[in-house]
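Okay, here's what each chain looks like letter by letter:
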Amino acid sequence: MPARRIAATYRLQLRPEFTFDDAAAIAPYLADLGVTHLYLSPLLQAAPGSAHGYDVVDHSRINAELGGDEGLDRLVAAAHAAGLGIVVDVVPNHVAIPTPALLNPVLWSVLRDGPAAPEARWFDVDWSAEHRALLMPVLGDPIGRCLTRGEIHLDRSGGEPLVRYFDHVLPVRPGTEDLPLPELLDRQWYRLAHWRVADEELNYRRFFDVDTLAGIRMELPEVFEATHRLLVRRHSAGDLDGFRIDHPDGLADPRGYLDDLAAATGRAWVVVEKILEGEERLPGDWACAGTTGYDALNRVMGVLVDPAGAEPLTAVWLELAGGPRAFEDCAEEAKRQVLDGPLRAEVNRLVDLAAGICHDDVYLRDHTRRGLEEALIELLVAFDVYRAYVVPGEPPTPEAREHVERAAARAREALPDRADEVELLVDFALGRRGRGRRRDEFCVRFQQTCGPVMAKGVEDTAFYRYLRLAALNEVGGDPGTLGAEPDRLHAWAAHQQERHPLGMTGLTTHDTKRSEDVRARLAALSELGDAAREEALAWQEAVAGLRAGDAPHPADVHLLWQTLVGAWPIGIERLEPYLQKALREAKLRSSWLSPDEGYEAALAGLAAAALDDPEARGRIEALVARLAPATRSNTLSQKLIQLMLPGVADCYQGTELVARSLVDPDNRRPVDYLERMSRLARLDGGGTPDDLDDEKLLIVSRALRLRREHPEWLAGPDATYGALPTGSSHAVAMLRAGRLAAVATRLPIGLERAGGWGAATLALPDGRWRDQLGARVVEGGLVPLADLLADLPVALLVREGG
């Protein structure tokens, strides 16, 4: 099948319960919906039972639990028969350390043969005399206790001797199989250790703080070739049309990797999961179409949030949580905590490198290890983007220098006594102190560490602590800023059209903390003003008698309240695991390392009691009903805006209807496609929408079909983007390619307070325009918004004729 021009994707989360054949079965429906390409989660062989596919164990095989090669063939055939292409998620940064380890043949070879293994260069391992062995932090207790209890033993029953610890199976170094067990373990190329040892002594690069995901050296040609051979072959055969790249910031050289991928695929369509902070831009020399769309998500969210809500929402948050007032302070505190805990091993490795450089250079020898460590921590805390991009041997770009120097200025201000050490580390990070193994490694590893500090400190800690308005706590977002004027969205969109006309946009992903429809309802809280504060405090009072003593903390009760409001209706079977995850990620009153199951039970118990309590439940239901008109407006408006922005629009599985999901695994629940097929068939047969689900499906299907039928209007360098005047601060309108106009409502509660649209008009270019969401036809010129948006809070107009 000739490759269809990519304009709209539909993300499918493959897993053993939803295989290639299940995806093939819904291909005709997705074609009817209007997408041009299926967008698949990773499909290479993952660890057994993987629910997401990011824990790849074998790059040479298609995941057998999804259907293997034959299943993928059937999916390709079904997709092509429906006129759909396929793009796939790729995981270049890491591989899984599975249980048992023999499921990863490359890792097995390294564990058995150490640095002499042909694949030893794949991994970022410190094989120095101090470490000597690859740390395997898999033991539930210190090794001495495990040995005393006989939990570790040698198994000689098979073709080769094996070390076994419960489900963990590891190889034996040749020539050591006849030693007594403690001596044998001491002679292996791996070191069995208690899992808590990893945070301080881990000697391999990993994905963030996940010990079971080991980083690989994708910058080596043999590693790239081996890990991408199957994907490239499938692309060459026409089975795959493009790729989404997971976590490129973990790579030693993201630009080099993208160049290699472009060369291997003839410049296939590629987007990268690059988290852009604030006004940060994607590096201009990357061979990719753009990002996966978090930047679009946060800008669309911004226009739905009322800046006037900042004062009352801040007041109630401070009253319940006690501080900090500013999100920046919360993020800084969280970064320091993860640097002293889960990411301590990464800090130690960088300090080792810096101290080694200084020891070998007489001019630098008086810089102490302690001074270097303090300066490094301050520099990492001050870094406010996921990384700079510096290649050893190349002069740093102005953008890279700006990021590093901005962090350095903050670090020097916070730690003036270590200004010299900060300056030295900045020179190392920017490659300004010459070349050498340690210097080059520091330059690269510093960049690879900045991302985990941001991800674990901000995204996975501060976002679970600072809950002034949970709708803003999204990847790449800024919970410290409430709302943005439409002009900012338009400026960003114009830049995207110019620089990344085929980048991806989205509102929900497999990684979002809350789905788009949860955020749409929560955004409406920003418009309630003091009423939002009063309602939050009233709910605290309503559940006070349901609490067990002093637990849970009012801040966690506030999280529960926002979760109930945003995701309502929701039961305890979904709430309890979410609340446990939220508490452990926040690391204040429980954590993954030291869970407080009693406290977690207290919060879960309060949630269950509140669901059964007439007053507490009634207050939630009443507030949800009060917010219903604004929720409807926000739900439909944000979807239309996203689908009309420049680039390739993604729809996450199931979100063509209202889907109020929380963070994974809640967002991977099964999707009822039969319901969606039935609803779409009824709408296509002339039926009118019965509810918000129908209205959203109408907007999604009509907008996606326009994308499929006229990709040149919306996706690609030939499209154009411009803002349309509306005469109202409550409307956002845009013109695409001179042929397509979209208008959406923002801040609908404020609009109602103002008495409606009044005399506000949409300024349409000349011509006859037909609304794709109804039967309305209007002439160009000044069109009253009160008429245009009488039935729906949005309109999608196509100019008829030439």
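Preceding block: the structure.
As a starting point, this report considers the structure included with it. Note that the coordinates shown come from a computational prediction; the quantities given were computed from them, not determined experimentally. (Residues numbered from 1 in each chain as written. Predicted model: local features only at pLDDT ≥ 70, side-chain atom pairs only at ≥ 80, totals over all residues. Heavy atoms only, no water.)

1. Considerations on the pairing of strand 13 (residues 210-215)
Two faces make up the sheet, and in a regular strand the side chains alternate between them.
Link 1 in the chain: Pairing of strand 6 (residues 94-96) with strand 13 involves three bridges; the strand directions are antiparallel. Residue pairing for strand 13: valine 95 is matched across the bridge by alanine 214.
Link 2 in the chain: The antiparallel pairing of strand 12 (residues 206-207) with strand 13 creates a hairpin that spans two residues between the two strands, and phenylalanine 208 there sits at a positive phi of about 50°. (Pairing = 2+ DSSP bridges. Helix = DSSP H or I, 4+ residues; strand = E, 2+ residues; numbered from the N terminus.)

2. Topic: unusual backbone geometry
Link 1 in the chain: Residue proline 100 is bonded to the preceding threonine 99 through a cis peptide linkage, with omega at 0°.
Link 2 in the chain: When you line up the elements, proline 100 lands in the loop between strand 6 and helix 4 (105-113).
Link 3 in the chain: Of note, the bond from alanine 551 into proline 552 is cis; its omega dihedral lies within 30 degrees of zero at -5°.
Link 4 in the chain: With phi around 50°, phenylalanine 166 is a residue other than glycine that occupies positive phi space.
Link 5 in the chain: Examined against the element boundaries, phenylalanine 166 turns out to sit in the loop between strand 9 (162-165) and strand 10 (168-171).
Link 6 in the chain: Of note, leucine 747 is a non-glycine position whose phi angle comes to about 50°, a positive value.
Link 7 in the chain: Mapping leucine 747 onto the fold places it in the loop between strand 21 (740-745) and helix 28 (748-753).
Link 8 in the chain: Its relative accessible area of 8% is what places leucine 747 among the buried residues. (Buried < 20%, exposed > 50% of the residue type's maximum accessible area, 1.4 Å probe, protein only.)

3. As for the packing of helix 12 (residues 327-340) against helix 17 (residues 437-459)
A packed helix pair is summarised by two numbers, namely the angle formed by the two axes and the spacing between the axes.
Link 1 in the chain: In contact at an axis separation of 8 Å, helix 12 and helix 17 are set at 120° when each is read in the N-to-C sense. Judged by the angle between their axes, helix 12 and helix 17 are oblique. Handedness of the helix 12/helix 17 crossing: right-handed. Contacts from Phe327, Ala331, Ala334, Lys335, Val338 and Leu339 in helix 12 reach Val453, Met454, Lys456, Gly457 and Val458 in helix 17.
Link 2 in the chain: Of the residues assigned to the contact of helix 12 with helix 17, the class counts are eight nonpolar, one polar and two charged. (Axes fitted to C-alpha atoms, helices over the stretch in contact; angles between N-to-C directions. Parallel < 35°, antiparallel > 145°, perpendicular 65-115°, else oblique. Left-handed = near helix turned anticlockwise from the far one by under 90°. Contact = heavy atoms within 4.5 Å. Nonpolar A, V, L, I, M, F, W, Y, C, P; charged D, E, K, R; others polar.)

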